[in-house]
Amino acid sequence: MVSLKPGGIYNKAQLQKELETLATCGMFEKVDLEGKTNADGTIGVTISFTESTWQSAEKFRCINVGLMPQSKPIEMDADMTDKEKLEYYRSLEKDYKRRIERAKPCLLPVPVHREIMQMLRDQGKVSARLLQKIRDRVQKWYFDEGYACAQVVNFGNLNTKEVVCEVVEGDITQVNIQFLDKLGNVVEGSTKVAVVKREMPRQLRPGQVFNIEAGKQALRNINGLGLFSNIEVNPRPDEKNEGGIIVEIKLKELEQKTAEVSTEWSIVPGRGGRPTLASLQPGGTVTFEHRNINGLNRSINGSVTTSNFLNPQVFLVISIGSRIKKWPLFPYLDNLAQDDLAFKLEYVHPYLDGVYNPRNRTLRVSCFNSRKLSPVFTGGPGVDEVPPIWVDRAGMKTNITENFTRQSKFTYGLVMEEITTRNESSHICPTGQRVLPNGGISADGPPTTLSGTGIDQMAFLQANITRDNTKFLNGAIVGSRNVFQVDQGLGIGSKFPFFNRHQLTLTRFLQLREVEEGAGKPPPPVLVLHGHFGGCVGDLPSYDAFTLGGPYSVRGYNMGEIGAARNILELAAELRVPVKGTHVYAFAEHGNDLGSSKDVKGNPTEVYRRLGHGSSYGVGAKLGLVRAEYAVDHNSGTGAFFFRFGERF
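These figures come from a predicted structure and were not determined experimentally.

Calculation notes
Residues numbered from 1 in each chain as written. Predicted model: local features only at pLDDT ≥ 70, side-chain atom pairs only at ≥ 80, totals over all residues. Heavy atoms only, no water. Helix = DSSP H or I, 4+ residues; strand = E, 2+ residues; numbered from the N terminus. Buried < 20%, exposed > 50% of the residue type's maximum accessible area, 1.4 Å probe, protein only. Contact = heavy atoms within 4.5 Å. Patch = residues over 30% accessible without salt bridge, like charges linked within 9 Å, V, L, I, M, F, W, Y side chains within 5 Å. Areas by Shrake-Rupley, 256 points an atom, 1.4 Å probe, with all protein chains shown as cover. Salt bridge = Lys/Arg side-chain N within 4 Å of Asp/Glu carboxyl O. Disulfide = S-S within 2.5 Å. Phe/Tyr/Trp six-rings, centres within 6.5 Å; stacked < 30°, edge-to-face > 60°. Lys NZ or Arg CZ within 6 Å of the ring centre and 35° of its normal. Core = buried A, V, L, I, M, F, W, Y, C linked by side-chain atoms within 4.5 Å. Pairing = 2+ DSSP bridges. Expected span 1.5 Å × (residues − 1). Arc of directions from axis to C-beta. Axes fitted to C-alpha atoms, helices over the stretch in contact; angles between N-to-C directions.

### As for the overall build of the protein chain
- When helices and strands are counted, the protein chain shows seven helices and 36 strands.
- Taking all 649 residues of the protein chain together, 41% fall into the buried category.
- Long-range contacts, defined here as pairs at least 24 residues apart, represent 60% of the contacts in the protein chain between residues at least 6 apart.

Dropping the structure here:
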């Protein structure tokens, strides 16, 4: 409490103020300050005091006096009689009792109350030093729990059997949302204020006590909107309401319309095998976005990818019986099948039930044209390279996502698409291919589509429900995650496909040791248990068969190297041990087709000499975003190093 420091320079007025501060703080009955000149010219200051004491207390109460008007007692006249003085003290006591009754109970939990009561019993008489300890303990709890604006302002009822601790906790009186320009000036924003208020946790609304963690949560939620380049959440004292807090949220908006071009130049041989300027092919991706339409976070975004911007090859494909007609068609987007160009256009409409409705549903409508390499047509161990089959998907998708929490959600919608299978020359390929012993290619493999023509059309309903309560504990993921997805064919399209394709994924991140949570604290070791089941009844085209093997299936194998089946089961276990800011891990995995590979049309598992089941084990280390792993393929007994981006689970 003494602010004087050895070696400091003070004048008489400062010393007098220090004495008055100590004498009026209520902790001392008498305070004396004595100065003595030393031989070297410095002054030694001695502060002597008599500590105030009160009778022992049997009760302890903590109250929140924030936003309460401070009582201004009438000054006692020196000429009062003894009777008038008695009435004066009784009046003060009644006023204080009414103040206690009107005050709100504080947030201090029962265990801290008990701890303070034990301090009172151990001490006996209440002293200024004991009150200082109580104040420090109360303020420490508030600080540890994130209530940064709380402070103990007074102790009352000291002449009774009850000690009353008065706390100003930091009640929120206002939440001000401000939009700033690039220079920091307050401007009128494009975003509706209701959009921002939806993202604020209940703990950061007027009437609540300000908490730093609630402020951080608001910052994360608002940042998740993707509308702002800078976000600040700052508390400040309310000058009109003593003890109140005004929360200011300052936002800088991103540009509503953006476009980006990323290019890749490839050189192809010209005449005589030498590249010329005309043979330089600029490829890459064009992305564009119009965000925050009408200030309600609605957006339109799209991307176009091609290997040659100067001559993108897109074709309209029409199937007439067994004959296929193909005409160049650009830039029209209906009935497209990709030859070189991929695109996606999506409209996102959040707050489907209204921005003021607490129900959180988002509508997404998209059209797409994509190409991916099919892992169904992949060779097994020891099989020569199998000619790749590419799967092009063009169509439309509409779904509604309802968010239950930040991580748990339910999505349901309709997908209509045209699927085209192609070989590496981009020609339509109705069957899989094999390399003959003489080096030739045979096209007598399994059918690639349900129709047998290389082109399928279908429509199906799709639903996905995710229950995710995982969290980061000092950088390690702990908790559980369950995902169930179902695709239901409607009997619309090629060969009237009617099917039910379903998947269930269960993952558990088990904390193996209790650790103290906080910045800089070590993470716990974690055991990950993972199971995935996939099944299908009804019509199943080859490109939609479940595949086994790969970095997100059974590690140590190539994509689809174990097999392709109607029903699969994957099991995995991984032990993660923290080491110097990262973690190392050991894993074991198994995948099995449950004997259903033969039920896939043409049995691509058998044709390409895959076993239909396989296990692996290995070790790895997390290096930033990269997973460095050594995995042993149990089927062949050989191991290999792999470098992967992202997480396995």
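Past the structure itself, the notes keep going.
### Thoughts on a nonpolar patch on the surface
- Judged by side-chain polarity, Phe404, Ile465, Phe484, Leu504, Leu506, Phe533 and Leu594 come together as a nonpolar surface patch covering roughly 600 Å² of accessible area.
- Mapping isoleucine 465 onto the fold places it in strand S25 (residues 455-468).

### Focus: the state of the cysteines
- Applying the stated criterion across every chain, the model contains one disulfide.
- One disulfide in the model links cysteine 62 with cysteine 106; its S-S distance is 2.4 Å. Note on the cysteine 62 and cysteine 106 pair: the S-S dihedral is about 140 degrees, so by sign convention the disulfide is right-handed. Of this pair, cysteine 62 sits in strand S4 (residues 59-64) while cysteine 106 sits in the loop between strand S5 (104-105) and helix H3 (110-123), and the two are 44 residues apart along the sequence. Across the pair, cysteine 106 and cysteine 62 agree in class, each one buried.

### Some thoughts on the packing of aromatic side chains
- Under the criterion given, the structure shown has nine aromatic pairs.
- Between tyrosine 585 and phenylalanine 587, the aromatic rings sit 6.3 Å apart at their centres with planes inclined by 40 degrees, giving tilted as the arrangement. Phenylalanine 587 carries the same exposure label as tyrosine 585, and that label is buried.
- Each residue in the set Trp141, Tyr142 and Tyr147 is aromatic and connected to the rest through ring pairs, giving one cluster.
- Across from the ring centre of phenylalanine 546, 4.2 Å away, lies the NZ or CZ of arginine 501, which sits over that ring.

### Looking at the nonpolar core
- Counting 26 residues, the largest nonpolar core has Phe60, Leu108, Leu120, Val138, Tyr142 and Val163 as the members making the most contacts within it.
- For this core, the secondary-structure elements that each account for two or more residues are S4, H3, helix H4 (128-144), strand S7 (151-156) and strand S8 (162-168).
- Setting aside its immediate chain neighbours within four residues, leucine 120 contacts Ala57, Lys59, Phe60, Val126, Leu130, Ile134 and Val163.

### A few points about the pattern of salt bridges
- Taken as a whole, this structure holds 28 salt bridges when the rule is applied.
- Glutamate 213 serves as the salt-bridge partner of lysine 216, at 3.7 Å between the closest nitrogen and oxygen. Highlighted residues: lysine 216 and glutamate 213, both in helix H6 (residues 212-223), separated by three residues, approximately one helical turn.
- Given the relative accessible area of 43%, lysine 216 is considered partly exposed.
- Bridged by salt links that share partners, the residues Arg555, Glu574, Arg576, Glu589, Lys622, Arg627, Glu629, Glu647 and Arg648 form one connected network.

### A closer look at the sheet that holds S8
- Strands sit in the order S5-S4-S8-S7 across an open sheet of four strands; the sheet is mixed. The sheet terminates laterally at S5 and S7, the two strands that pair on one side only.
- Here S4 pairs with S5 via two bridges, running antiparallel. By the bridge assignment, isoleucine 63 is partnered in S5 with proline 105.

### Here's the deal with unusual backbone geometry
- Located in the positive-phi region is asparagine 474, a residue other than glycine, with phi close to 55 degrees.
- Its place among the elements puts asparagine 474 in the loop between strand S26 (471-473) and strand S27 (476-493).
- The residue leucine 594 is not glycine, and still its phi comes out positive at about 55 degrees.
- Mapped onto the secondary structure, leucine 594 falls in the loop between strand S33 (582-592) and helix H7 (604-607).

### Description of H6
- Compared with an ideal rise of 1.5 Å per residue, which puts twelve residues at 16 Å, H6 spans 16 Å between its outermost C-alpha atoms and is within 8% of the ideal.
- For H6, the complete set of buried residues consists of Ala214, Gly215, Ala218, Asn221 and Ile222. Angular distribution of buried residues about the axis of H6 spans 125 degrees; they occupy a single face of the element.
- Where H6 is buried, its residues touch helix H5 (193-198), strand S11 (228-237) and strand S12 (244-253).

### Things to note about the pairing of S12
- For S12, the tally of buried residues reaches seven of ten residues, placing the bulk of the element in the interior.
- Examined bridge by bridge, strand S9 (residues 171-180) and S12 share nine bridges and lie parallel to one another. Counted as the bridge partner of glutamine 178 is lysine 250 from S12.
- Where S11 lies against S12, nine bridges are found, and the strand directions are antiparallel. From the neighbouring strand, valine 233 faces S12, where its bridge partner is isoleucine 249.
- Two successive antiparallel strands, S11 and S12, enclose a turn made up of six residues, where glycine 243 displays a positive phi of approximately 90 degrees.

### Regarding the sheet that holds strand S10 (residues 186-187)
- Pairing is mixed in the open sheet, where four strands are placed in the order S10-S9-S12-S11. Whereas interior strands pair on both sides, the edge strands pair on one side only; in this sheet they are S10 and S11.
- Judged from the two bridges that link them, S9 and S10 form a sheet pairing that is antiparallel. Of the residues in S10, the one forming a bridge with phenylalanine 179 is valine 187.
- Its contacts with the sheet put H6 on S11 and S12, and the angle it makes with S11 is roughly 155 degrees.

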